[in-house]
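Read off the chains here:
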Amino acid sequence: MKVHGVLETSIYVDDLQTAVDFYRQLFEFEIMAEDQRFCAMNAGDRSVFLIFKRGATHTAAHLEGGVIPPHDGDGPVHFAFAIERDDLAKWEERLVSAGVEIISRMSWPRGGESLYFRDPDDHVLELATPGIWPIY
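No experiment lies behind these values; they were computed from the predicted model shown.

## Let's talk about the sheet that holds strand β10 (residues 124-128)
The strand order across the open sheet formed by four strands is β7-β10-β9-β8, and the pairing between neighbours is mixed. Looking at strand neighbours, the two that pair on one side only are β7 (78-82) and β8 (102-107), the edges of this open sheet. Strand-to-strand twist in this sheet, taken as the mean axis angle between neighbours without regard to direction, amounts to 20°. Bridge analysis of strand β9 (residues 113-118) against β10 gives five bridges, and the strand direction is antiparallel.

## Observations regarding helix α2 (residues 88-97)
Residues L88, W91 and L95 constitute the buried set of α2. Seen end-on, α2 carries its buried residues on one side only, within an arc spanning 60°. Opposite the packed face of α2, turned more than 90 degrees from it, sit the exposed residues K90, E93, V96 and S97. Where the residues of α2 are buried, they touch α1 (16-27), β8, β9 and β10.

## Thoughts on the pattern of salt bridges
Enumeration over the complete set of coordinates arrives at seven salt bridges. The salt bridge partner of D35 is R37, with a shortest N-O separation of 3.7 Å. Between R54 and D74 there is a salt bridge, with its nearest N and O atoms 3.9 Å apart. Of this pair, R54 sits in the loop between β4 (48-53) and β5 (61-63) while D74 sits in the loop between β6 (66-68) and β7, and the two are 20 residues apart along the sequence. Exposure remark for D74: the relative accessible area of 71% places this residue in the exposed category. Put simply, D14, R54 and D74 are held in one network by salt bridges that share partners.

Reading the values: rules and limits
Sequence order as written defines the numbering, with residues in each chain counted from 1. Owing to the predicted nature of the model, reporting of local features is limited to residues with pLDDT of at least 70; listing and counting of side-chain atom pairs is limited to 80 or more, with chain, interface and lining totals taken over all residues. Remark: hydrogens and water are excluded; side-chain values derive from all non-hydrogen atoms of the structure. Two strands pair if DSSP finds at least two bridges between them. Here a helix means four or more residues in a row that DSSP labels H or I, a strand means two or more in a row labelled E, and each is numbered from the N terminus. Angles run from 0 to 180 degrees between N-to-C directions of axes, and those axes are lines fitted to C-alpha atoms, restricted for helices to the stretch in contact. Burial here depends on accessible area, computed with a 1.4 Å probe over protein chains only, as a share of the maximum for the residue type. Under 20% is buried, over 50% is exposed, and the range in between is partly exposed. Read the arc as the range of directions from the helix axis to the C-beta atoms. Should any heavy atoms of two residues lie within 4.5 Å, those residues are counted as being in contact. Think of a salt bridge as a Lys or Arg side-chain nitrogen and an Asp or Glu carboxyl oxygen that are within 4 Å of each other.

Put into structure tokens, the structure is as follows:
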């Protein structure tokens, strides 16, 4: 038995529509499911990016197939999206043209490069090229 990777990454936001618009416009993520509490987006390569309205999941969700336990989060978090090395400059241009401030850059000892910026809820996003971890 083994784990095959992280399937879902979740963030919690104050304004669900603002967050959905930000991620759809910047990353062109496809919406796979949504309601008044959340939005599930295809973040590529079998990765699901979940955006939950803060406080909207304090109670269990009873669905036809079972129950999703209550959960929530508070405060800004950090996560990274993997990008191709050759696309780094294009991503930087896209961020700048979208009015997104790049708050930091990092050159990693293994040769990877990262750009850091914030979303409307102050979460710290990273776009990372191969060479930041031994496995990436």
